[in-house]
Amino acid sequence: MNTNSNSYVMVFAVTMCVTVSSALAFLATSLKSKQEAAAEFDRQKNVMMAAGLIERGDPRMREDLEKLYADRVKQVVVDTIDGVIVDGEADALNEAAAEKDPEQSGRYRSIEQAMTEGGKLDAIILPVSGKGLWSTCYGYLALAGDKNTVKGIQFYKHGETPGLGGEIENATWTAMWKGKKILDDKGELVSVTVKKGKVDQQKPVEKKHFVDGLAGATITSNGVSKFVLSDLKALGTYLQKK
Amino acid sequence: MTSTAAPETKAPLFGEQEKKAILDPLWDDNPISLQMLGICSALAVTTRLDVSIVMGISVICVMAMANVIISLLRHMIPSKIRIIVQLVVISGAVIIVDQVLRAYAYDLAKQLGVFISLIITNCIVMGRLEAYAMANPPWRSLLDGIGNGLGYAWIICVVGAVREIFGSGKLLGFQVIPDAMYEAGYVNNGLMVLAPGAFILLGVIVWVQRAISGYVEK
């Protein structure tokens, strides 16, 4: 057979593409539920890391951690207009609409609460997400029960440059967020800002509301400041309510 | 689709050529240290040993799969579009590995991130398809794929192990440098976790490997 005739080449190419793509489609569909479960578990781990329930690289088995999440963390829905926790379903978050106008991002937002072993409120964990440089970054910001002090921040999904913007995952950097306040002395929401350069520890305002910038990742740093502020603003009424 | 390969002729299962196919790339014709292929990922994913191991295994799987498939199709592939066909097969194999990792080793898949997908552009894979699988029967191609994958894997594992020990004082996540050393003033070498550390280390490995294997520039 002449394997170089045009018709043979065409038929071969089409057959090849159809075979490979159907094989891949089959594989992707059959692994989908496993992958989603793995991604959900990863999300739960990040919620617990932000809240300080576990450390990064916790050696416990997956079942134990899933049980810990089920026991200690619960999802609640906040009515962002009245600033109270309500029963019911959260609105689906529309990233594109929220980007333009935070008010449009839905009245009912889902947040998570972490409990102490005694069942008292230990931390509230808010989802934060928005544009970095290349990608949308997804993470969790945990506040202590006073709704003011930051307990931790974790990013679990992003497509920033490894070593530069990707350092938002760096444990040393996320540790700097601990203890920062999101409300100023008058109780106004000011959020935590990622500064360009190092925080001046002499200035009380900076010490309270700023963290060091990431070297070589100004746009990612600015992005983080911006979307953390806008996500906190969306929950402003709830956070400022004592 | 075929997954297993049987020897085409009555030749012995492990003849001279078969042995050569699997053993040569391990030492005498190592893809990294002698052919200088696949350097990019060897530098990028070797900050820790566990990541290096997973990357090594992924490359072995991709090379074995792609080599066998191309070898089975070698009489049917039109030479005009053979490079594209090879790429389709490599991409297919890489996506399979990526999907499986995401389902069963999510953390590692996240660590390796884009580098798994970048196996597609790893010159070792395409080099072996073009140079070996297009001209040899499936069984031998399978051995050649595994051999080259192993040749790549052992080097990145050595780099990964050294970088992890000196860069973070650990091996596979367990501390190997005793606390007493740190108390005596020892500090982890920050260079080792950065790309230049990998460059230097890889250079040293290439040098040592070439000195022992007696390589001469042609």
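All values reported here derive from a predicted model rather than from experimental measurement. (Residues numbered from 1 in each chain as written. Chains lettered and ligands numbered in written order. Predicted model: local features only at pLDDT ≥ 70, side-chain atom pairs only at ≥ 80, totals over all residues.)

**Here's the deal with the overall build of chain B**
For clarity, the cut-off: Numbering goes from the N terminus for both helices and strands, where a helix is a DSSP run of H or I of at least four residues and a strand is a run of E of at least two. Throughout, radius of gyration means the C-alpha value; the globule benchmark is 2.2 Å times the number of residues raised to the power 0.38. Labels follow a simple rule on C-beta atoms placed from the backbone: if 20 or more others lie within 10 Å of a residue's own, it is buried; if 12 or fewer, it is exposed; otherwise it is partly exposed. We call two residues in contact if the C-beta atoms placed from their backbones are at most 7 Å apart.
When helices and strands are tallied, chain B shows ten helices and two strands. Its helices and strands in sequence order give chain B the pattern α-α-α-α-α-α-α-α-β-β-α-α, from N to C terminus. Relative to its length of 218 residues, chain B is compact, with a C-alpha radius of gyration of 19 Å against a globular reference of 17 Å. Classification of the 218 residues of chain B by burial places 39% in the buried group. Look at the contacts in chain B between residues 6 or more apart in sequence, and 79% of them connect residues 24 or more apart.

**Regarding the sheet that holds strand 5 (residues 136–144) of chain A**
Residue and element names in this part refer to chain A. Definition in use: Note: two strands are recorded as paired if DSSP finds a minimum of 2 bridges between them. Each axis is a line fitted through C-alpha atoms, and for a helix only the stretch in contact is used; angles between axes span 0 to 180 degrees, taken between their N-to-C directions.
Ordered by their spatial adjacency, six strands build an open sheet running 2-1-3-4-5-6, and the pairing between neighbours is antiparallel. In the strand order of this sheet, the two ends are held by strand 2 (84–86) and strand 6 (150–157), each with one partner. Going from strand to strand, the sheet's axes swing by 40° on average, the running direction of each strand aside. Of the strands in this sheet, strand 1 (73–79), strand 3 (108–115), strand 4 (121–131), strand 5 and strand 6 are in contact with helix 1 (residues 6–51), which crosses strand 6 at around 160°.

**Examining the confidence of the model for chain A**
Test applied: You can read pLDDT as the predictor saying how much it trusts each residue, on a scale of 0 to 100.
Overall, the prediction assigns chain A a mean pLDDT of 84, with 91% of residues at 70 or greater. The least confident element of chain A, judged by mean pLDDT, is helix 3 (residues 95–100) of chain A at 54; the most confident is helix 1 of chain A at 92.

**Structural notes on the confidence of the model for chain B**
In the predicted model, chain B carries a mean pLDDT of 84, and 94% of its residues have values of at least 70. Predicted complex metrics record ipTM = 0.75 and pTM = 0.78.

**A few points about unusual backbone geometry**
You will see that Lys147 of chain A, though not glycine, has its phi angle at about 55°, which is positive. Residue position: Lys147 of chain A is located in the loop between strand 5 and strand 6. Its identity as a non-glycine residue notwithstanding, Met36 of chain B has a phi of 60°, on the positive side. The topology assignment puts Met36 of chain B in the loop between helix 1 (16–23) and helix 2 (39–44).

**Topic: the interface of chain A and chain B**
As a reminder, the rule being used: Under the scheme applied here, ten amino acids are nonpolar (Ala, Val, Leu, Ile, Met, Phe, Trp, Tyr, Cys and Pro), four are charged (Asp, Glu, Lys and Arg), and all others, including Gly, are polar.
With 20 residues of chain A in contact, the opposing surface of chain B contributes 17 residues. Each residue belonging to the side of chain A that touches chain B can be placed in one class, and the counts come to 14 nonpolar, four polar and two charged.

**Comments concerning the pairing of strand 4 of chain A**
Residues and elements named next belong to chain A. The buried count for strand 4 comes to eight of eleven residues, which makes it a mostly enclosed element. Summarising the sheet, strand 3 and strand 4 pair through four bridges and their orientation is antiparallel. The partner of Gln113 across the bridge, within strand 4, is Ile124. Between the end of strand 3 and the start of strand 4, which pair antiparallel, lie five residues, with Gly119 showing a positive phi angle near 90°. Bridge count for strand 4 against strand 5 is nine bridges, and the pairing is antiparallel. When the bridges of strand 5 are listed, Ile124 appears paired with Leu143.

**With respect to the packing of helix 8 (residues 138–168) of chain B against helix 10 (residues 195–213) of chain B**
All names here are of chain B. How we decide: The labels follow the angle: roughly parallel below 35 degrees, roughly antiparallel above 145, roughly perpendicular from 65 to 115, and oblique for the rest. In a left-handed crossing the near helix is turned counterclockwise from the far helix by less than a right angle, and in a right-handed crossing that turn is clockwise.
Contact pair helix 8 / helix 10: the axes reach a minimum separation of 10 Å and the direction vectors enclose 130°. The angle between the axes of helix 8 and helix 10 places the two elements in the oblique class. The interaxial crossing formed by helix 8 with helix 10 has right-handed handedness. Along its contact with helix 8, which presents Ile155, Val158, Val159, Val162, Arg163 and Gly167, the element helix 10 presents Gly197, Ala198, Leu201, Leu202 and Ile205. Of the residues assigned to the contact of helix 8 with helix 10, the class counts are eight nonpolar, two polar and one charged.

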